Protein chains: 2
Amino acid sequence: MTSHNKPPTLQDVARDAGVSCNTASVVLNGSRSNTRVSEATRERVIRAAANLSYVPNAMARGLAQKRTQAIGILFGVAAGSTDYVTNPYMTGILQGVLEAAGDAGHCVTIYTQGWVSAKVSAPLFRDGRTDGVLVIAPPATADILSGLSALGIPLAAVACEAEVLNIPSADVDNRAGVELVVRHLIHLGHSRIALITGEADMSSTALRTDAFTSAMRDAGLQPDRQLYARCNYSGEGAERAFLSLWNMQDRPTAIFACNDAIAAGVARAARSIGAAIPDELSLVGFDDVPTASMVTPSLTTVRQPLQMIGAEATQMLLGRIAGEVYPATPRLFSPALIVRESTGKVCSR
Amino acid sequence: MTSHNKPPTLQDVARDAGVSCNTASVVLNGSRSNTRVSEATRERVIRAAANLSYVPNAMARGLAQKRTQAIGILFGVAAGSTDYVTNPYMTGILQGVLEAAGDAGHCVTIYTQGWVSAKVSAPLFRDGRTDGVLVIAPPATADILSGLSALGIPLAAVACEAEVLNIPSADVDNRAGVELVVRHLIHLGHSRIALITGEADMSSTALRTDAFTSAMRDAGLQPDRQLYARCNYSGEGAERAFLSLWNMQDRPTAIFACNDAIAAGVARAARSIGAAIPDELSLVGFDDVPTASMVTPSLTTVRQPLQMIGAEATQMLLGRIAGEVYPATPRLFSPALIVRESTGKVCSR
DNA sequence: ATGAAAGCGCTAACAC
DNA sequence: GTGTTAGCGCTTTCAT
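Rules used throughout
- Residues numbered from 1 in each chain as written.
- Chains lettered and ligands numbered in written order.
- Predicted model: local features only at pLDDT ≥ 70, side-chain atom pairs only at ≥ 80, totals over all residues.
- Heavy atoms only, no water.
- Helix = DSSP H or I, 4+ residues; strand = E, 2+ residues; numbered from the N terminus.
- Buried < 20%, exposed > 50% of the residue type's maximum accessible area, 1.4 Å probe, protein only.
- Contact = heavy atoms within 4.5 Å.
- Areas by Shrake-Rupley, 256 points an atom, 1.4 Å probe, with all protein chains shown as cover.
- Expected span 1.5 Å × (residues − 1).
- Pairing = 2+ DSSP bridges.
- Axes fitted to C-alpha atoms, helices over the stretch in contact; angles between N-to-C directions.
- Buried area = accessible area lost by both parts, 1.4 Å probe.
- Salt bridge = Lys/Arg side-chain N within 4 Å of Asp/Glu carboxyl O.

**Q** An account of the overall build of chain A is needed here, citing residue identities and associated values.
**A** What chain A contains, in helices and strands, is 12 helices and 12 strands. The dimensions of chain A, computed from C-alpha atoms along their principal axes, are 90 × 40 × 35 Å. Burial status across chain A gives 54% buried among its 349 residues. Within chain A, counting contacts between residues at least 6 apart in sequence, those at least 24 apart form 71% of the total. A total of about 15,200 Å² of accessible surface is found on chain A, and carbon and sulfur atoms cover 51% of it.

**Q** Describe helix α12 (residues 306-321) of chain A, and please don't skip the residues or the numbers.
**A** Residues and elements named next belong to chain A. Here α12 spans 23 Å end to end across 16 residues, near enough to the 22 Å set by a 1.5 Å rise per residue. Most of α12 is tucked away, with 12 of its 16 residues classed as buried. Packed against the buried residues of α12 are β1 (70-75), α5 (88-103), β3 (133-136), β4 (155-158), β5 (169-172) and β11 (331-333). Looking one or two residues past α12, Gly323 carries a phi angle of roughly 100°, positive in sign.

**Q** Explain the sheet that holds strand β7 (residues 228-230) of chain A residue by residue, including any values.
**A** Residues and elements named next belong to chain A. Spatially, β7-β6-β8-β9 is the arrangement adopted by the 4 strands of the open sheet, whose pairing is parallel. Only two strands of the sheet have a single partner each, and these edge strands are β7 and β9 (282-284). With strand direction ignored, the average angle separating the axes of adjacent strands in the sheet is 20°. Relative to β9, strand β8 (residues 254-257) runs parallel, the two being bridged by 3 bridges. Bridge pairing in β9 places Ala254 opposite Ser282.

**Q** How would you summarise the interface of chain A and chain B if you had to cite specific residues and measurements?
**A** The interface is formed by 59 residues belonging to chain A together with 59 residues belonging to chain B. Across the interface of chain A and chain B, roughly 4,900 Å² is buried in total on both sides, 58% from carbon and sulfur atoms. In terms of surface lost to chain B, no three residues of chain A exceed A:Met59, A:Arg126 and A:Arg129, which account for 15% of the buried area on that side. The interface formed by chain A and chain B includes 0 salt bridges.

Set out below in C-alpha cells:
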C-alpha cells in the first residue's frame, strides 16, 4: 500500500510505548538491565515494536556495537572470476555455510571483488561490513590468509594450510580418502596406478600426492614418478595428462584423478581413443559431484561431506568472533569411497 | 604483524594530512565540491589515506547516507531450505548477479533466513543492510514480491510474474524456448508429444504449458491433455510421471520435460524399464545444465543464458536503487536449442 | 578553499 | 526502574 514509507526507528517505538529510547533498546535487546524493567513497560515496548513491525537498523547497530551479524565469504580465486559459484565443490561448502550462518542468525556476504594482493585487497575486509571472513580453498601461493590475519580480522578457513597462522579450519581427511582409493584399486589387482593431480598450489594437491605415495608404499608397491601427472582441477589439461600416461610403453591399469572434473576429462579422452573403462582402465575421482553418478560408466569416487565441512568452518568462525579459541589443527571429516562402474578387476590382457 | 589494530578512520587520515575530517571526506569521495579543494590538499589527503590503507567504514557510511553498496538476494524457496545454492539454475543466475554487482562495486548479501510470510519476513529486509533485493524465481503463491514491494523496498526479480507489481524482471523467453522444442520434435516426425511440468506455482510452468499448447496448435496438432503430466523441478516424481505416460495404450513418442532434472529422472526411469532413448522415445529437457552433455545419451535441451539473466536483473535493481524507471514487462533473453542424442526420428515401429 | 556542527539510528555509561 | 548523555565514523549543510 503505502510505498516508500521509511522504516520505523527505535524512537518511533519508544514514542508509541511512551518510554525513552534507551528503555526501548534495553527491552528489545534483552540486554543486561533486562530485569530492571517493569513488566508493564516491557510489554508496552514489545507491543509497540510488533505493531510497527520494527526491525533495528543494521547499520546503526553495527556502528554502535561494532558487530554486524554478518560474515563474509571469500573464495580463493583470482579477481574477476566468478566461476566458483557454479563449481559443485564450492556450492556444497557454501550450502553448509549458509545453513550454519542462518542458524546463528547471521547473513552471508559474498565479497565480489576477488583477491588481488594483501596490500590491495586485505584492507577492503576492514570496512566493518562483516564480523569475520571465511576463506574457502585459497591457493597456497596467495597471501590471502596471511594478509587478512595481519590486520586482525577474525578468520576461519576451508581446505588449506591455516595451521601456521593459527587459523581454525576444516577439511576432508585427504589422507584417509586417498587410502580408500588406493586400497580399493589394489584390492582389484592393480599395481600400476597413475595419479593425476590438480594445481600445484592447492593444499589438497600436496596432501593427496603425499598420501598416495605413502599408501602405495604401505602396500609394498614402489610408486613410479612417471605415473604422476598434473592438470587443473577444472579438468583443463586432463586429456593431455591422460594421453601421456596412456602412451607409455608400460601404461597404468588404473588412474586416480584428484577430483571428478579431472576424472570426467580422462573418461572423455579415454572414450575418444577407444580405451574401455573399466575393462582396460579403472578410473577413480574425488568429491562425488552430482554428475559422477549420472555419467556412463558411473564414476567410482570419494565423497566428502561438503556441507558439514562448510558448516563446521562457519561455526568456528562465529566462535572466533565471539572470542573462543580453537586448536590450529584442521578439523578433518571422514570421506567415503563410493564404488560405481568405473573401476574393475585389472585386466589380464 | 600488529594484530587486532583498529582500522584507521577518516579522522586518522585527516590528522595525518593536517586537514579537517570534512575535507578528507570530500576529497576521498570525489563529491561535488571536488574542485574546490586545492591540489596540494587533495594530494596530501590521498597520500595519507593510501599510507594508512584507509577504507571507509561501511556501517558509518551506510548510516549517514542510507546507502550500503550492497544488494540482497532472496531465493524463492521455503524457509530453512538451502538447496538452492547447489541447484545449477540458481547458481547460474547467482554467477551473473555476482558479476554485475562486482562490476558496480557492490557486495551481495544472501539473506539466510528464508521466507516465511510477508508479515514475518518482509520487515527483515528493512534492516538497512542492503539497498535493494533481488528475488529469484519465487513461487507465484508466495507473497514475497507483494510483501517487499508494499514496504517500498527497491526490487528486481528473475523468472516470475512481476509485471502487475511494476517490478523490473528478467527471464528466458519461455515461449520461444518451447517453440524450438516443439518444432524440433515435429520436424523429427513426432506428433504424440507429452509434457512434464514442474511445480504448478512456478511462473515457468504456466508459461511453458501455454506455449506448448499454442505451439502444438500452430503445428496443426490437437494437444492431448492426457499427455500433460506434472512433477517437481527437482526431478522428484519424474519417474511416476513417465510411467503414467508410458503405460498409456497410445503412448507418446516424445517427452518434453520442463527442466533437465526432470528429464534426467525420465531417462533413468526409461532405462530401468528398458525403453530406448531416442529409438523408442525422444526426450528434451530445459536449462542445459552441465550434466546434460555428460549423460548417455546426452540430452537435447534448451539453453538459457543464466548469467546474462542474472546480470541484467542485477543491473535493473541497481538502476532502480539509483532512481531509474524501467518498463514492467520482463526483459526476455533468447534461448537456444542444443540438439544432442536424446532426440531422434520417430520410430515407425 | 576549508572548517564547524549537526545528525544518521542505535547502544552503553552513568545519573536520577 | 527509567531517562539523560555521549559517542560509533561518516556525510552534509552552512559558515568562514
